[in-house]
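Close look at the chain arrangement
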Amino acid sequence: MPLKGQEVSGAAGDTQGQRILFLGNSYNRFSVECLKALVELGHDLVVGSYDASAQGAWQLIRNRLKVRGGSFVVRQALHLAWGRTRLAFRRAGAPRRGFASLPELCQAYGLKTIPCTHPNSAEFVQQVRALEVDLIVVAAFGRILTRALLESPRLGCINVHPSLLPRYRGPEPFYWVLANNDETTGVTIHYMDEGIDTGDVILQKEFEIAPGDTEITLKERSVQVAAKLLGEAIPLLLAGKAERVGQDHSAATYYSFPPRGASVARLSRQTRAFQGDTNSAFLDHFRCPHDFASFGLNGELSKEEGFFRFGRDTICYGRFAGTPSKQIAPGLPDASEGARIQDGQILLPFNISQVIENLRNERYVLHAEHSLRTLMEETVIRKFYYFLRPILPITVRKHLQRARFKGWDRIPFPHWPVDFTVELLLDHAMTLVLRSHPDKRIPFIWFWPAGAKSCVLITHDVEATAGRDFCTELMNLDDSFGIKSAFQIVPEVRYEARIGFLEAFRARGFEVNVHDLNHDGALFQDRQEFLRRADRINRFAKEFHTRGFRAGSMYRKQEWYDALDVSYDMSVPNVAHLEPQRGGCCTVMPYFIGHILELPLTTTQDYSLFHILGDYSIELWKKQIDLIRQRHGLISFITHPDYLVERCARQVYRDLLGHLSELKTSERLWVALPGEVNSWWRNRSQMNLVQDGEAWRIEGPDHERACVAYASLENDRLVYTLGSES
Ligand SMILES: [Zn+2]
């Protein structure tokens, strides 16, 4: 079926003349994508969409609150508001990508619609008969249909259900397959009868549940599988070639709505993947000989993830042998009370590798106290902001952003201005290892090459033409302090960046990386769209001869990174209170996200410093540098040529360069390019410590630059000493 004003291409064969009635829920993605699949088949379509909110919004909210709790309802309400706004735009003729609702899809393709508030009424059945419908397709309709309606079309009535029937009949299978820790789930297309999900099966497709999957990601993948499966099933049905297999009712399971307030997004299966893997985070961090790390679990872990403490100030998120808290609030249970040393093994009431993985991947975010706020920012406000942004002067943008960030300083977690939770946990673990070990000195591979105490990264994101035209001057400025930096270039839409322009950076010893695709703030909004964009980003990375990437505005979805064909990413803030997307990875060390090495942003961006905090000094930066230096971490900066054009801002940046070049010698900082840090950290992750008589020797790639260090306790305080200094 053609999009209004477009030509039709391709033909649907000899089943063309048949008429299908589609019944779905107006604002449900599952319905929208299934209808889209039908539209692509090119049959005569009639759409009956059911808008649950038309029944009385208050009644709906009350019911959903009872069933799923507050944050679920807020998410749905926002989705609804967004869907309606888009529809209004589309009616006004504004072109939009994708579809948020059935009415929007119908509007775009000029589909015939019929009202169906009462699908079982005699009137509705009469109407369907009059339309001479051949087949009814139902997806996420949420209503039980009577026999009279089911029997009215020639070929009957089929439903798309997101589980492998006969298992998980009922309204919310996504929640239940996760709650039951299943390894696979699927989509079933089946004939409808008067029972709930009990009819004969036509087609079924199974797929794996990934360790990090949540209700949201699972639904997203089910939607894609369902649309594809429907595209296969319809031609078979219309041609009379569809199979019909009765369900094994003895194997059936039925699940109703999830328990009240049950976790929407955080419930994931990744816990099991880490069960046998308590040592990996510790070994990856220290690269010490394996026999020094022997962590076990003390007690059975809770099924649900939540917050607890490990010592006074270290907040953890994950499963816990106790009752973890749903929120960060005073009086969190303390895991150090459950830590024991037994036969040289350290038993903890949680899996330290799992908790560290949760923190780095920001899995705690939806549970943190500000979750509602984040949720709203994530969806509607962000979309409106980016919609209006091109016409907003910077002064208005500044005011909007200040209003939006109000209260940021009261966010309890991660810790401002730098969060070291991951390092604190690892140090705590090392302290326990030292207490359990008679050797009292544990060798490990020092974090940075040639015994550098910390590492400094300077990066510049080039946002617009003004910034592009200031790059040469900025290189001169960096060079005048003996510092090389990396420039991130937006490949599409924003400005032109020719190959010659890119070569000029490298010719002077600076680095070039890809910055987003077009920087419209929507990179991670839709999985399919992301995959399309990732493809382009990968091609630009090749064209730019670079292996590095940073997303626009530090937007991120770490669980999607596998689609990026780059070697390192720089889009995850350590603490993101002043970024549009809240959260933070709670570490100042590089870490792996699958095949990609993350080099987190550990200091405040120039834009936030000048325009949100209104601070034109380097005091905050100095404080952050000192804190990270004490923990031997990665001190990374983002400044923008676009903002440094301004004289005041440039002076502050010059002060920063002066401060860093002083520390470089006095405190042995390694000032490096992201690509260099990437190679070093990757090599270090391949190195091993081997005993050589009394001494320790490092083996592996680039081992000549690596140093042996020792961890020991002095008056029960953890101390690191470099081999040459001991
Ligand atoms: Zn940017």
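Residues numbered from 1 in each chain as written. Predicted model: local features only at pLDDT ≥ 70, side-chain atom pairs only at ≥ 80, totals over all residues.

Quick look at the overall build of the protein chain
Inclusion rule: Each helix corresponds to a stretch of at least 4 residues labelled H or I by DSSP, and each strand to a stretch of at least 2 residues labelled E; elements are numbered beginning at the N terminus. Partly exposed residues are those whose C-beta has more than 12 but fewer than 20 other C-beta atoms within 10 Å; 20 or more makes a residue buried and 12 or fewer makes it exposed, with C-beta atoms placed from the backbone. Here, residues touch in the contact sense if the C-beta positions derived from the backbone fall within 7 Å of one another.
Each helix and strand counted, the protein chain has 23 helices and 26 strands in total. Looking at the protein chain as a whole, 42% of its 726 residues qualify as buried. Long-range contacts, defined here as pairs at least 24 residues apart, represent 72% of the contacts in the protein chain between residues at least 6 apart.

Structural notes on the packing of helix H1 (residues 29-41) against helix H8 (residues 215-238)
What counts here: Every axis corresponds to a line fitted to the C-alpha atoms, with the helix fit spanning only the stretch in contact, and the corresponding angles, defined between N-to-C directions, vary from 0 to 180 degrees. Each helix crossing is assigned a hand: it is left-handed if the near helix lies turned anticlockwise from the far helix by less than a right angle, otherwise right-handed if that turn is clockwise. Under the convention adopted here, Pro, Cys and the residues Ala, Val, Leu, Ile, Met, Phe, Trp and Tyr are nonpolar, Asp, Glu, Lys and Arg are charged, and Gly plus all remaining residues are polar.
Packing of H1 against H8 brings their axes to within 9 Å, and their N-to-C directions diverge by 35°. Both H1 and H8 take part in a crossing whose hand is right-handed. Contact residues: Arg-29, Phe-30, Glu-33, Cys-34, Lys-36, Ala-37, Leu-38, Glu-40 and Leu-41 in H1; Val-223, Ala-226, Ala-227, Leu-230, Gly-231 and Ile-234 in H8. When the residues that make up the contact of H1 with H8 are grouped by side-chain class, the tally is 10 nonpolar, one polar and four charged.

What to know about the sheet that holds strand E25 (residues 708-714)
Note the cut-off: Two strands pair if DSSP finds at least two bridges between them.
Overall, antiparallel pairing links the three strands, which are arranged E13-E25-E26 in an open sheet. Looking at which strands have only one partner, the edges of the open sheet turn out to be strand E13 (441-445) and strand E26 (717-722). Taking each pair of neighbouring strands and ignoring which way they run, the sheet shows an average axis angle of 30°.

Section: helix H20 (residues 619-630)
Put simply, the rule is: Take the residue count of a helix, subtract one, and multiply by 1.5 Å to get its expected span. In this description, the arc belongs to the directions extending from the helix axis to the C-beta atoms.
Look at H20: 17 Å from first C-alpha to last across 12 residues, which is about the 16 Å you get at 1.5 Å a residue. Those residues of H20 that fall on the buried side of the exposure criterion are Trp-621, Gln-624, Ile-625 and Ile-628. Here the buried residues of H20 occupy an arc of 100° about the axis, which is enough to place them on one side. In H20, the exposed positions angled more than 90 degrees off the buried face are occupied by Glu-619 and Gln-630. Residues of H20 that are buried in the fold lie against strand E14 (454-462), strand E21 (634-639) and helix H22 (647-666). In the stretch just after H20, His-632 is the one whose phi turns positive, near 60°.

Here we look at the pairing of strand E4 (residues 135-139)
Of all five residues in E4, four are buried, a share of seventy percent or more. In this sheet, E4 lies alongside strand E1 (residues 19-25) in parallel orientation, the contact comprising five bridges. In the sheet register, Phe-22 faces E4, and the bridge partner there is Val-137.

Things to note about the sheet that holds E1
Strands sit in the order E3-E2-E1-E4-E5-E6-E7 across an open sheet of seven strands; the sheet is mixed. Strands at the two margins of the open sheet, each flanked by one partner only, are strand E3 (112-113) and strand E7 (201-208). Note that E1 and strand E2 (residues 44-50) share seven bridges and pair parallel. Paired with Ile-20 across the two strands is Leu-45, which belongs to E2. Seen against the sheet, helix H4 (residues 102-109) touches E1, E2 and E3 and runs at an angle of roughly 150° to E2.

Examining the nonpolar core
What counts here: Each nonpolar core comprises buried Ala, Val, Leu, Ile, Met, Phe, Trp, Tyr and Cys residues, the members being joined through C-beta atoms within 7 Å. Domain segmentation is taken from an automatic or database assignment of domains.
Of all hydrophobic cores here, the largest spans 118 residues; its most connected members are Cys-316, Phe-350, Ile-352, Leu-425, Cys-455, Val-456 and Leu-457. Looking at which element gives the most residues to this core, the answer is helix H14 (residues 421-436), with seven residues. For this core, the two domains that each supply at least three residues are domain 2 (267-370 + 411-445 + 689-726) and domain 3 (458-685). Excluding residues within four positions of it along the chain, Leu-425 makes contact with Phe-310, Thr-314, Ile-352, Val-355 and Ile-356. Counting 46 residues, the second largest nonpolar core, distinct from the first, contains Ala-139, Ala-140, Phe-141 and Leu-229.

Section: the confidence of the model for the protein chain
Short version of the rule: As a per-residue measure, pLDDT tells how confident the predictor is, with possible values from 0 to 100.
The predicted model of the protein chain averages 85 in pLDDT, with 86% of residues at 70 or higher. Segment residues 1-14 is flagged for pLDDT under 50; beyond a separation of four residues in sequence, or across chains, it makes 14 contacts in the model. Confidence drops under pLDDT 50 across residues 263-276; counting only partners more than four residues distant or on other chains, this segment forms 36 contacts.

Quick notes on the packing of H1 against H4
Quick reminder of the rule: Under this scheme an angle from 65 to 115 degrees is roughly perpendicular, one under 35 degrees roughly parallel, and one over 145 degrees roughly antiparallel; angles in between are oblique.
Here H1 crosses H4 at 20°, and the two axes come no closer than 9 Å. The orientation of H1 relative to H4 falls into the category roughly parallel. Crossing of H1 against H4: the hand is right-handed. Where H1 approaches H4, its residues Ser-31, Val-32, Leu-35, Lys-36 and Val-39 are matched on the opposing element by Leu-102, Leu-105 and Tyr-109. Taken together, the residues of the contact of H1 with H4 break down into six nonpolar, one polar and one charged.

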